[in-house]
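# Breakdown of the fold
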Amino acid sequence: MFYKTISLVFLFGIFSAAAQKTDSIAAIDSAATHNLKFNYKQLIIPGVLIGYGVIGLNSDQLLSFNSQIKNEVTEDIDNKITIDDFSQYAPAASVYALNAFGVKGKNNMRDRSVIFVTSYVIMASTVLGLKSLVHEERPDGSSNNSFPSGHTATAFAGAEFLWQEYKDKSIWYGIAGYAVATGTGLFRIYNNRHWLTDVAAGAGIGIMSTKIAYWMNPYITKKLFGKSASEGNSTSMIAPFYNGQQYGLSFVKVF
């Protein structure tokens, strides 16, 4: 039944969200940027998810499992639900929405925007690079760029972004972000656009991209703004985006 698929994808999301609690014992940079120091343990969960997806490209057992899920999904589908085209952006957008409503996150506007753009560049480059190399056919046969899921990667990158910025306020912000990201991955399968292995790899890439962005931020901030840069400085950035069909650039100006 399709409910088995729901349970498995939901398990991926909960597994990822629960694992983020290990960040609480990670060392915190005491500088003004408040960014996480490198901790190899944080790579375990995204590494497992990416590994599952990569192994699934050539594993007869996992390929068979993908096909079973596809057959279950196509039996139950009447109409596609395109909410995943929008939900992929919800976790990251929530960070800025919360700040706009006065709920301050870990970083100031400038630093959080640099982190967001860095994460998105890493994630988009990785996803697009793998799509061009792997050429996996989508479940619906529409194209050969199924692996990994870009929608899922975007959603989980945003969920990790939301978690890092607000975990000290309440863990429920992060849990909500990961729930939305999990739902995005689920709808990618439900809409017959991705295999389970695509979604797993996309989730891992998204989480890892944001973690790397936080680790890199002190260096990037220093190079971009220097030690004397203040939050009041105006900053302009260009961020790429990819929604599964269109490529483009978004302009971000921070005051």
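Everything in this summary refers to the structure shown in the same document.

## Description of the overall build of the protein chain
Within the protein chain one finds nine helices and two strands. Secondary structure of the protein chain in N-to-C order comes out as α-α-α-α-α-α-α-α-α-β-β. The burial tally for the protein chain puts 49% of its 255 residues in the buried class. A separation threshold of at least 6 residues defines the contact pool for the protein chain, and within that pool the share at least 24 residues apart is 76%. Accessible surface computed for the protein chain: about 12,000 Å², of which carbon and sulfur atoms make up 63%.

## Things to note about the environment of Ile 220
Considering the arrangement of structural elements, one finds Ile 220 in helix α9 (residues 196–225). Discounting residues that sit within four places of it in the chain, Ile 220 has contacts with Val 114 and Thr 118.

## Regarding the nonpolar core
Core analysis: the largest hydrophobic core is formed by 10 residues, namely Ile 45, Leu 49, Ala 155, Phe 156, Ala 159, Trp 163, Tyr 178, Ala 181, Ala 203 and Ile 207. Elements that contribute at least two residues to this core include exactly α2 (44–55), α7 (150–166), α8 (171–190) and α9. In terms of residue count, the dominant contributor to this core is α7 (four residues). The residues contacting Ala 159, other than those within four sequence positions of it, are Pro 91, Gly 177, Tyr 178 and Ala 181. By size, the runner-up hydrophobic cluster in this structure holds nine residues, among which are Val 95, Leu 98, Ile 115 and Tyr 214.

## Section: the environment of Ser 143
Relative to the assigned elements, Ser 143 resides in the loop between α6 (109–134) and α7. On a C-alpha basis, the gap between Ser 143 and Arg 193 in space is 9.6 Å, while along the polypeptide they are 50 residues apart. Residues in contact with Ser 143, not counting those within four places in the same chain, are Glu 136, Glu 137 and Arg 138. At 2.6 Å, the side chain of Ser 143 and the side chain of Asn 145 are in polar contact.

## Considering the packing of aromatic side chains
Inspection of the entire model under this criterion finds seven aromatic pairs. Pairing Tyr 96 with Phe 161 gives two aromatic rings, centres 6.3 Å apart and planes at 50°, and the pair type is tilted. In this pair, Tyr 96 is assigned in helix α5 (residues 90–100) and Phe 161 in helix α7, connecting sequence segments 65 residues apart. Its relative accessible area of 24% is what places Tyr 96 among the partly exposed residues. An aromatic cluster is defined as three or more aromatic residues linked by ring pairs; in this entry it consists of Tyr 96, Phe 116, Tyr 120 and Phe 161.

## Let's talk about the side chain of Asn 107
Looking at the element boundaries, Asn 107 is found in the loop between α5 and α6. One polar contact links Asn 107 to Glu 165, side chain to side chain, over a distance of 2.8 Å.

## Focus: α6
The end-to-end C-alpha distance of α6, which contains 26 residues, comes to 37 Å, matching closely the 38 Å that a straight helix rising 1.5 Å per residue would cover. Two or three places before Arg 110, at the opening of α6, Asn 108 has a side-chain oxygen 3.2 Å from that residue's backbone nitrogen. Within two residues after α6, His 135 carries a phi angle of roughly 55°, on the positive side.

## Observations concerning the packing of α7 against α9
At a closest axis distance of 7 Å, the pairing of α7 and α9 adopts a crossing angle of 40°. As summarised for this structure, α7 and α9 are arranged oblique, according to the angle between their axes. For the element pair α7 and α9, the recorded crossing hand is right-handed. Along the contact surface, α7 presents Thr 152, Ala 153, Phe 156, Ala 157, Glu 160, Phe 161, Gln 164 and Glu 165, while α9 presents Val 199, Gly 202, Ala 203, Gly 206, Ile 207, Thr 210, Lys 211 and Tyr 214. Classifying every residue of the contact of α7 with α9 gives eight nonpolar, five polar and three charged.

## Points about the environment of Asp 111
With respect to the helices and strands, the residue Asp 111 is situated in helix α6. Linking Asp 111 and Ile 220, residues 109 residues apart in sequence, is a C-alpha distance of 9.6 Å.

## Regarding the pattern of salt bridges
Using the criterion set out here, one finds four salt bridges in the structure. For Asp 84, the salt bridge identified is with Arg 188, shortest N-O distance 2.6 Å. Here Asp 84, found in helix α4 (residues 84–87), pairs with Arg 188, found in helix α8; they are 104 residues apart in sequence, far enough to count as distant. Overall, the relative accessible area of 1% leaves Asp 84 in the buried class. Looking at Arg 188, the relative accessible area reads 4%, which means it is buried. Between Asp 111 and Arg 110 there is a salt bridge, and its shortest N-O distance comes to 2.9 Å. A relative accessible area of 6% places Arg 110 in the buried class.

Rules used in this analysis
Residues numbered from 1 in each chain as written. Predicted model: local features only at pLDDT ≥ 70, side-chain atom pairs only at ≥ 80, totals over all residues. Heavy atoms only, no water. Helix = DSSP H or I, 4+ residues; strand = E, 2+ residues; numbered from the N terminus. Buried < 20%, exposed > 50% of the residue type's maximum accessible area, 1.4 Å probe, protein only. Contact = heavy atoms within 4.5 Å. Areas by Shrake-Rupley, 256 points an atom, 1.4 Å probe, with all protein chains shown as cover. Core = buried A, V, L, I, M, F, W, Y, C linked by side-chain atoms within 4.5 Å. Polar contact = N/O pair within 3.5 Å; in protein donor to acceptor, adjacent residues only side chain to side chain. Phe/Tyr/Trp six-rings, centres within 6.5 Å; stacked < 30°, edge-to-face > 60°. Expected span 1.5 Å × (residues − 1). Axes fitted to C-alpha atoms, helices over the stretch in contact; angles between N-to-C directions. Parallel < 35°, antiparallel > 145°, perpendicular 65-115°, else oblique. Left-handed = near helix turned anticlockwise from the far one by under 90°. Nonpolar A, V, L, I, M, F, W, Y, C, P; charged D, E, K, R; others polar. Salt bridge = Lys/Arg side-chain N within 4 Å of Asp/Glu carboxyl O.

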